[in-house]
Each structure stands twice: as structure tokens, then as C-alpha cells.
Amino acid sequence: MSQARNYRNNTRPHAPLSETDLRKVVDAIFHVMRETGVKFDPDPWVLDTFSDGGCDVSSKGIVKFPTDLVRGSIDSAAKSVRMWNRPGTDFIEFSPRHSAFMANYLHQVVDTETGERRSCTREDLARYSRVVEALPDFDGVAGPFKIAENPDISGEIEGFAVMAAHTTKPVETSFGAPLCLQAAIEMAAAIRGGSERLREKPYFAVSITQLPLYYAKYHTDQIRMAVESGIPVGVGGGSIGGASTPITIAGNIVNCFATDFAALVLTQLLRKGAFCMVGFTVVFMDPTTGNLGAINESTLAEMVKYQIGEHFGLPIHNANAGLNMGKQFNQEAVLGAAVTMTAGIFSQPACCIYSGSLDATAAYSLHALLLCHELIGMARRFWRGIRVDDETLALDVTHKVGPGGDFLGEMHTAVHCRKEISKIRYFASKTFEAWEQEGRKDLEDIIDQDLQRILAAPKPEPLPASVQEQLDVIVRKYRSA
């Protein structure tokens, strides 16, 4: 994990809103928080925390937030956090200056042999983790890590252990219950060598997937648990414009940020300076089918999310990069992933978690994962920008070759061809004759060759035996809880 590849240079994000419209949207977010409020399950510690912080709290759990409190919480929240790999030797950073890409594991997989969708097994999770480990442009893995052999909540706990055993990369995941998060914290502390070392070098971040303008008790319990343990928090569930939020882009965005900022306020009331990354997955209902759709509007919303995040200096979570509606790895999936990844190039979020997913995150595909890895490399090439100096302007060699000359035999070409031109695997240029000679392989054939090579390669370095034993003990303890 090289930090250099995460920095964005001169490529500016696209900002759809004028300054006037941006101020209107920001004012509307504060208006919703102040006048409409956000509902919380009536847990005494949550409501007392908000009340003590100066919020108007109703007996039904509706919390209304003074604008000064929200602004103060935004100002005090940490704007970046380092996420360390399993050995604690390298890190990625979630911040407004970086874009991290996390490979998306889901509870259903498209079988690489049959092409059928089925529930994920332990071996699927182990295979997925090994593949991500082999793909250098993926910064980490994203869950939840559910497995079919153990469908109750302890299955997420066991899944976390299986994933940790098969990749060294940092983790972002969500949990269905606070008990699962507690177990993950214990396992991460065992991996790191103690709770204080985990606080110093976080191994995973927890993602809170709340509904618009509503937090259940298990969401707020996890927020408190994470903040108290020093685990970075990302908030932002999924909005569906026209169903769970307004159908308009502006209205959808306002609802989402009002919801996210409520959690950010809670983190700051619990511990000022805690890290909390915000960002709903903003999608819309297709009015002709009732299903998820409206990729144009989702793409615009994605760019507005970043613009608001930049306005407040906040890192933005849950980018749509890699998201697609393909039901299997086919042309629709490739087109969708390419379009949303291109949108991600211009929105520049802090964390992208949908790479490798299919059918709006209902399933994942290892073939889609490898495609997204290529697209991530393309994104980072865009962000690296253009180097402009005497050497790259090439005035000397241009003068030497002269008008109508040939640059092929020049040392300048030999020196710079690999520095300047990207290495592209799946969109490489070749002649029709070369394509025929290679067997008329399509994109899926080429990706499958790479996938089989990765799966046949040696496995990543295993956990030390003593740490693996501790994880096994934790899994057994929570299985019987």
C-alpha cells in the first residue's frame, strides 16, 4: 500500500452546484436538522447525550439539532484517519485528500464455474480475500463478511476471522449487531497486540448503515462502542429517491446529509475529535419499473456529495464507483462499472466500497473485481495528472527530429514510454489479426485467465499461530453466547 498512489494532484473534482445553490443546500440541511429532526430509538443514554448537548429531544425520540452545535461538531471532528494493515507496517488514509478503494464482499457470489448466484461459503470468503491481496490497487476489503454455513449473527464474527486470516489489507465493514462489533474489536486487538496498540493503529473501520432520518438502537450502540474503542466510524446507509427520500436530487441529498450529520454530532458529544466519515449511497427509484435506476441522477448526486464534503473539509464515504445493475458479469455490468468509476474520478470521494459488486450490491463477482481493479488504475492515472517540465515538453527532441520526423528511434521515447503510458490489461490496443491469433478471446476470457493465475499463486502469509488461536477462541466464545 503506497501512500503516493492515493494522493490526487491537479485533477480537480467536478462541482455541479454554483456557490449560491451550494449555500441553499447547506442551509436546507441545517433546516431539516433544526426543524424536522432525526428519529432515534428511545434509548436513555442516547437521548440524554443529545439533551445534555443542547438538542431538543421529544418523548418519541425525535432529536432537533441547533445549527451551532452541528457546525461545531463538524469543526471538531477529525478530518483524516490512518488505517493500518494487519502487520501494522503500512497504512492507507481516509481523508479529503485521498481516495481509497475497498473491494466489496457480499453475502451472495456469482459462482466462477457455473455463473449461478448462490450464498457465500467460508471458502468463497477465503478465495475473495486472497484475490484482493494479490491486486495492488485495492487498498482494503469491505464487508459484512457473512458466510452461508453459519447464518446467524455469529456468522459475521466467524467471517471476520476468516477474512483476517487470508489478507493483510485494512478492513471496513458493517455488522448486524453490536455483539459482532465487540467480537471484531477483540479480534483486531489480538491481531494488533492489545487494545492500546489497536487504538494507535486501527486495523478496521465500522460502517453504520442507518435509514434516512432514523437510527435504530443497534446503530447508536455501535457508534458508542466504536468511539470508546478508537475504531474509526463511517456513516451512511442507502437512500432511494422517491421511496425513502425525496425523488429530487437536492431533496435526496439534504435528507442524507441531515441524517449523517446527526451521527457526526453524536460522535463528538461522546468524544470530541473522534473520526466520523459521512456519505449515504445516493440512488433513485426508476419510476418506470420501481427498481433502482436513474444512473444519471445518481452520478450527479455523487458529485454534489463531494462538493458538500469539500465545503466542510470532510471526507466522503460510500462512493458509487464500481456500482452497477448487471445481474451477472456481462456487458451491462461492465458498462455500469465503467460509468460509475468514471463518475468517481470526478467526484473524488475518500472511500469507495462497491468495487466487484453486481445487481446494486446484491451479489459480487471475482471477474467484476478484477475489472474494477483495472478501472481503479485508470482513475489513479487521471489523478496523477500531467507532468510539465523541460523534459516532458520535449522541445530539444522535437527540434532534433524536425517537422515530419520519426520519434520511434529516439532515446527520449525509450526513456519515457513506460513512465508516460499506462499499463492497461483489459483495454489494450491490438490488431484484428493479433486478436484472431490469440483465439478471439473476449473480456471475460482474459479476466478469467488472470483470476485462475491469482488463485493458483501461493497464499498470503498466514496469521501467527498464537494469534490464530486467539481468534478461534473468540469465535467459539461468541458462537455460544
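A few points on the structure. This is a predicted model, so every value here is computed, not measured. (Residues numbered from 1 in each chain as written. Predicted model: local features only at pLDDT ≥ 70, side-chain atom pairs only at ≥ 80, totals over all residues. Heavy atoms only, no water.)

**Details of the overall build of the protein chain**
Worth spelling out the cut-off: Working definition: helices are DSSP H or I runs of at least four residues, strands are E runs of at least two. Numbering for both runs from the N terminus. In this description the radius of gyration comes from C-alpha coordinates, and the expected globular size is given by 2.2 Å times residues to the power 0.38. Exposed residues in this analysis have more than 50% of their type's maximum accessible area, buried residues have under 20%, and partly exposed residues fall in between, with area computed by a 1.4 Å probe over protein chains only.
Along the backbone of the protein chain there are 18 helices and 20 strands. For a compact globule of 481 residues, the expected C-alpha radius of gyration is about 23 Å, and the protein chain comes in at 23 Å, within 12% of that figure. Judged by the C-alpha coordinates and their principal axes, the protein chain covers about 80 × 55 × 50 Å. Considering the protein chain as a whole, with its 481 residues, one finds that 54% of them fall into the buried category.

**A word on the packing of helix 5 (residues 154-166) against helix 6 (residues 178-192)**
The condition that has to hold: Under this scheme, a helix contributes an axis fitted over its contacting stretch, all axes are lines through C-alpha atoms, and angles between N-to-C directions fall in the 0 to 180 degree range. Angles are sorted into four bins: roughly parallel if under 35 degrees, roughly antiparallel if over 145, roughly perpendicular if 65 to 115, and oblique for all others. Each helix crossing is assigned a hand: it is left-handed if the near helix lies turned anticlockwise from the far helix by less than a right angle, otherwise right-handed if that turn is clockwise. Should any heavy atoms of two residues lie within 4.5 Å, those residues are counted as being in contact. Residue polarity is assigned by list, with Asp, Glu, Lys and Arg as charged and Ala, Val, Leu, Ile, Met, Phe, Trp, Tyr, Cys and Pro as nonpolar; anything else, Gly included, falls into the polar class.
Relative to each other, helix 5 and helix 6 sit at 25°, their axes nearing to 9 Å. Relative to helix 6, the element helix 5 lies roughly parallel. The chirality of how helix 5 crosses helix 6 is right-handed. Only L179, C180, A183, A184, M187 and I191 of helix 6 make contact with helix 5, whose side of the interface consists of E156, I157, F160, A161 and A164. Among the residues making up the contact of helix 5 with helix 6, the classes are represented as 10 nonpolar, no polar and one charged.

**A closer look at unusual backbone geometry**
The linkage connecting G143 with the following residue, P144, adopts the cis geometry, with an omega of 25°. Note that P144 resides in the loop between strand 9 (140-142) and helix 5. Of note, the phi angle at N318 is positive, near 60°, even though the residue is not glycine. Note that N318 resides in the loop between helix 10 (295-312) and helix 11 (331-347). For N318, a relative accessible area of 2% puts it in the buried group. With a phi angle near 55°, R440 is a residue other than glycine that sits in the positive phi range. Tracing the sequence through the fold places R440 in the loop between helix 16 (432-437) and helix 17 (443-456).

**What about the environment of F346?**
Looking at where F346 falls in the secondary structure, it is placed in helix 11. Taking the relative accessible area as the measure of exposure, F346 reaches 36% and is therefore partly exposed. On a C-alpha basis, the gap between F346 and A15 in space is 8.6 Å, while along the polypeptide they are 331 residues apart. Not counting residues within four places of it along the chain, the set of residues in contact with F346 comprises P13, H14 and M303.

**What about the sheet that holds strand 9?**
Rule in force here: The pairing criterion for strands is at least two bridges between them, as found by DSSP.
Read across the open sheet, the seven strands follow the order 15-13-11-10-9-6-18; overall the sheet is parallel. Every other strand in the sheet has two partners, leaving strand 15 (276-278) and strand 18 (351-355) as the edge strands with one partner each. Strand after strand, the sheet turns through a mean of 25° between neighbouring axes, direction not considered. This element, helix 4 (residues 122-134), spans strand 6 (100-104) and strand 9 of the sheet and lies at about 145° to strand 9.

**Some words on the sheet that holds strand 17 (residues 292-293)**
The strand order 14-16-17 describes an open sheet built from three strands, whose pairing is mixed. Each edge of the open sheet is held by one strand with a lone partner, namely strand 14 (238-241) and strand 17. The pairing of strand 16 (residues 281-285) with strand 17 spans two bridges and is antiparallel. Across the sheet, the residue bridging to F284 is G293, located in strand 17. Against the sheet, helix 9 (residues 249-270) contacts strand 14 and strand 16, and its axis sits at roughly 140° relative to strand 16. Its contacts with the sheet place helix 10 against strand 16 and strand 17, and it is angled at close to 155° to strand 16.

**Some points on the environment of K169**
Keep this limit in mind: Think of a polar contact as two N or O atoms within 3.5 Å of one another; within protein, one of them needs to be a possible hydrogen donor and the other a possible acceptor, and neighboring residues in sequence only count if both atoms come from side chains.
With respect to the helices, strands and loops of the structure, K169 is situated in the loop between helix 5 and strand 10 (171-173). Distance from K169 to A343, taken between C-alpha atoms, is 25 Å for residues 174 residues apart in sequence. When near neighbours in sequence (up to four residues on either side) are disregarded, K169 contacts V132, E133, L135, P136, F138, D139, G140 and Y203. A polar side-chain atom of K169 sits 2.7 Å from the main-chain carbonyl oxygen of L135. Among the polar contacts listed, one links the side chain of K169 to the backbone oxygen of F138, at a separation of 2.7 Å.

**What about the packing of aromatic side chains?**
For clarity, the threshold we go by: Centre distance within 6.5 Å is the pairing criterion for rings of Phe, Tyr and Trp, where only the six-membered ring of Trp is used; planes under 30 degrees apart are then read as stacked, over 60 as edge-to-face, and the remainder as tilted.
Tallied over the entire structure, the rule returns 17 aromatic pairs. Their ring planes at 55° and their centres at 4.8 Å tell us that F40 and F50 sit as a pair that is tilted. Within this pair, whereas F40 is found in strand 1 (residues 38-40), its partner F50 is found in helix 2 (residues 44-52), the two being separated by 10 residues in sequence. By relative accessible area, F40 is classed as buried at 1%. Its relative accessible area of 0% is what places F50 among the buried residues. Taken together, F30, F257, F261 and F312 form an aromatic cluster joined through their ring pairs.

**Here we look at the nonpolar core**
Note the following rule: In this text, buried Ala, Val, Leu, Ile, Met, Phe, Trp, Tyr and Cys residues form a nonpolar core when linked through side-chain atoms within 4.5 Å.
Residues F40, F65, Y128, F160, F204 and F261 are the most contacted members of the largest nonpolar core, which totals 127 residues. Per element, the largest residue contribution to this core is 11 residues, and it comes from helix 9. Not counting residues up to four positions away in its chain, the partners in contact with F160 are F145, V171, T173, F175, A184, M187, Y203 and F204. Formed by 16 residues, the second largest nonpolar core is a distinct cluster that contains A142, A205, V283 and A350.

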